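# Geometric and topological summary
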Amino acid sequence: MLGDSLPTESRLVNSCIQARKKCQADPAFKAAYHQLESCTSSLSTESPLEESSTSADCLEAAQQLRNSSLMGCTCHRRMKHQATCLNIYWTVHPARSLGDYELDVSPYEDTVTSKPWKMNLSKLSMLKPDSDLCLRFAMLCTLNDKCDRLRKAYGEACSGFRCQRHLCLAQLRSFFEKAAESHAQGLLLCPCSPEDVGCGERRRNTIAPSCALPSEIPNCLDLRSFCRADPLCRSRLMDFQTHCHPMDILGTCATEQSRCLRSYIGLIGTAMTPNFISRVNTSVALSCTCRGSGNLQDECEQLERSFSQNPCLKEAIAAKMRFHRQLFSQDQVDSTFSVRQLQNCSPAPRPQLRLPVLSLFILTLILLQTLW
């Protein structure tokens with residue numbers, strides 16, 4: 001089932017872990033890498049007088065590694081040893097660690113799988129016929145052992161009377177990384193009628209807002225700074241900026257909708273966890289404010305709008321919800337089918353009548369010979 005297995009290092013195009021192993025075999029590259037490691041560890045502790053010389057050494061080491069496989073290495077959200085991989089990535093990109101953030105460079109490389117997700121809708125017969133789609137997706141998760149186990153784990157960690165935010169966020173990340181993508185996206189992006197408040201509330205509570213979000217609303221720029229100090233959160237934010245970035249005023253998106261959705265969902269369980277803002281619509285936002293931003297008010301509002309008014313993200317969410325609604329419209333037709341079959345439902349090609357045409361051609365030649 002899609003998402004049930006974690007990708008191994010060998011399945012990635014150029015894993016940072018594998019790239020570091022190759023680098024360690026070359027003495028010059030090995031020394032440059034260790035120099036960058038010391039640069040990364042000293043970023044938060046060095047004094048202003050030391051900064052210029054240290055930065056020069058860092059840039060020189062980075063220059064030495066420019067032609068190595070480390071500079072093009074990547075990680076994957078579902079890989080084993082992800083934290084190690086991301087630490088290597090940010091070690092060999094000191095300019096980005098120092099705050100030079102590029103909108104079009106993500107540390108993640110998505111592995112592509114063609115394995116379809118089988119779904120048995122007949123198991124939903126125990127629900128009432130008019131049950132909302134969020135409840136149906138919740139039932140599908142319950143009927144899947146892995147999804148149910150992961151969902152119960154974050155439900156327990158995020159429960160009100162036991163809530164410890166860091167544990168809640170860790171379990172949320174675990175769910176969205178390890179559960180089958182179709183289960184996770186079904187729970188989070190289930191379509192609800194605007195008047196169905198109960199359905200909307202179930203969808204919004206997928207992220208357990210009472211525990212996963214900050215108890216006191218922080219400034220959005222402070223939230224981003226906190227995120228950038230953590231390699232995992234910084235990587236997820238970079239991935240979101242890469243794949244959900246409108247490239248022009250027309251809203252042309254940098255990459256396809258599926259990558260935007262994955263990068264958006266990848267932020268869940270980090271300091272930058274977004275969520276639906278209400279029970280009656282599908283608008284999402286960060287749990288932060290731009291009040292008190294001073295001279296950085298415009299920058300703060302731009303960050304805020306990159307979630308709440310992002311045309312790429314809005315359309316990606318809307319398209320997935322339309323797909324989920326279409327999924328259940330097949331319920332009366334076929335109770336067991338593949339997601340891939342539904343996504344690729346293009347008209348069947350017309351049959352080619354080659355033999356009759358060939359026969360007609362031969363008959364025409366015979367007739368012409370007779371006339372001659």
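Numbers given for residues are sequential positions, taken from 1 along each chain in its written order. Only residues with pLDDT of at least 70 are given local features in this predicted model, and only at 80 or more are side-chain atom pairs given and counted; all residues enter the totals for whole chains, interfaces and linings. Excluding hydrogens and water, the side-chain figures rest on all heavy atoms present in the structure.

### Things to note about the packing of helix α4 (residues 82-91) against helix α13 (residues 231-243)
Here is the rule we go by: Note on geometry: axes are C-alpha line fits, over the in-contact stretch for helices, and angles between N-to-C directions span 0 to 180 degrees. Helix and strand definitions follow DSSP, with helices as H or I runs of at least four residues and strands as E runs of at least two, each counted in order from the N terminus. Just so you know how the angles are binned, under 35 degrees is roughly parallel, over 145 roughly antiparallel, 65 to 115 roughly perpendicular, and the rest oblique. By definition, residues are in contact when any of their heavy atoms lie within 4.5 Å. Three classes are used: nonpolar for Ala, Val, Leu, Ile, Met, Phe, Trp, Tyr, Cys and Pro, charged for Asp, Glu, Lys and Arg, and polar for all others, with Gly counted as polar.
At a minimum axis distance of 9 Å, the contact between α4 and α13 shows a crossing angle of 75°. The pairing of α4 with α13 is recorded here as roughly perpendicular in orientation. Of α13, the residues touching α4 (which contributes Gln-82, Leu-86, Asn-87 and Trp-90) are Pro-231, Leu-232, Arg-234, Ser-235, Arg-236 and Met-238. Here the residues of the contact of α4 with α13 are counted per class, giving five nonpolar, three polar and two charged.

### Brief notes about helix α7 (residues 145-157)
What counts, and what does not: The length a helix should cover is 1.5 Å for every residue beyond the first. Throughout, exposure labels follow a simple rule: accessible area from a 1.4 Å probe, protein chains only, divided by the maximum for the residue type, with under 20% read as buried, over 50% as exposed, and the rest as partly exposed. Any N or O atom pair separated by 3.5 Å or less is treated as a polar contact, with the protein-specific requirement of one donor-capable and one acceptor-capable atom, and with residues adjacent in sequence counted only for side-chain atom pairs.
Between the first and last C-alpha of α7 there are 18 Å, a value that for 13 residues agrees with the 18 Å anticipated at 1.5 Å per step. If you check which residues of α7 are buried, you get Cys-147, Asp-148, Leu-150, Tyr-154 and Ala-157. Looking at the packing, one finds that the buried side of α7 touches α6 (133-142), α8 (165-178), α9 (181-188) and α11 (209-212). Two to three positions downstream of the cap, the backbone nitrogen of Lys-146 sits 3.2 Å from a side-chain oxygen, assigning the N-cap of α7 to Asn-144.

### Some points on the confidence of the model for the protein
Put simply, the rule reads: Every residue is assigned a pLDDT by the predictor, reflecting its confidence on a scale from 0 to 100.
Averaged over every residue, the pLDDT of the protein is 78; the share at 70 or more is 74%. Counting contacts from residues 97-103, a segment whose pLDDT is below 50, to residues more than four positions away or on other chains yields 14 contacts. Long-range and interchain partners of residues 332-372, a stretch whose pLDDT sits below 50, account for 28 contacts in this model, where long-range means more than four residues apart.

### Observations regarding helix α14 (residues 257-266)
All of the buried residues along α14 are Cys-260, Leu-261, Ser-263, Tyr-264, Ile-265 and Gly-266. In this structure, the buried side of α14 is in contact with α8, α9, α13, β2 (274-276), β3 (284-286) and α16 (311-329).

### Details of the side chain of Ser-293
Structurally, Ser-293 can be placed in the loop between β3 and α15 (297-308). Ser-293 gets classed as buried once you look at its relative accessible area, which sits at 10%. Polar contacts involving the side chain of Ser-293 include one to the side chain of Asn-219, which spans 2.9 Å. In contact with Ser-293, not counting residues within four places along its chain, are Asn-219 and Cys-300.

### Some points on the pattern of salt bridges
Counted only if it meets this: The term salt bridge refers to a side-chain nitrogen of Lys or Arg lying within 4 Å of a carboxyl oxygen of Asp or Glu.
Scanning all chains against the criterion turns up 10 salt bridges. Across the pair Glu-181 and Arg-262 runs a salt bridge whose closest N-O atoms are separated by 2.8 Å. With Glu-181 in helix α9 and Arg-262 in helix α14, this residue pair connects regions lying 81 residues apart in the sequence. A relative accessible area of 25% places Arg-262 in the partly exposed class. One salt bridge in this structure joins Glu-299 and Arg-224, with 2.4 Å as the shortest N-O distance. Taken as a pair, Glu-299 in helix α15 and Arg-224 in helix α12 (residues 220-228) lie far apart in primary sequence, 75 residues in all. A relative accessible area of 33% places Glu-299 in the partly exposed class. Residue Arg-224 is classed as buried on the basis of its relative accessible area of 12%.

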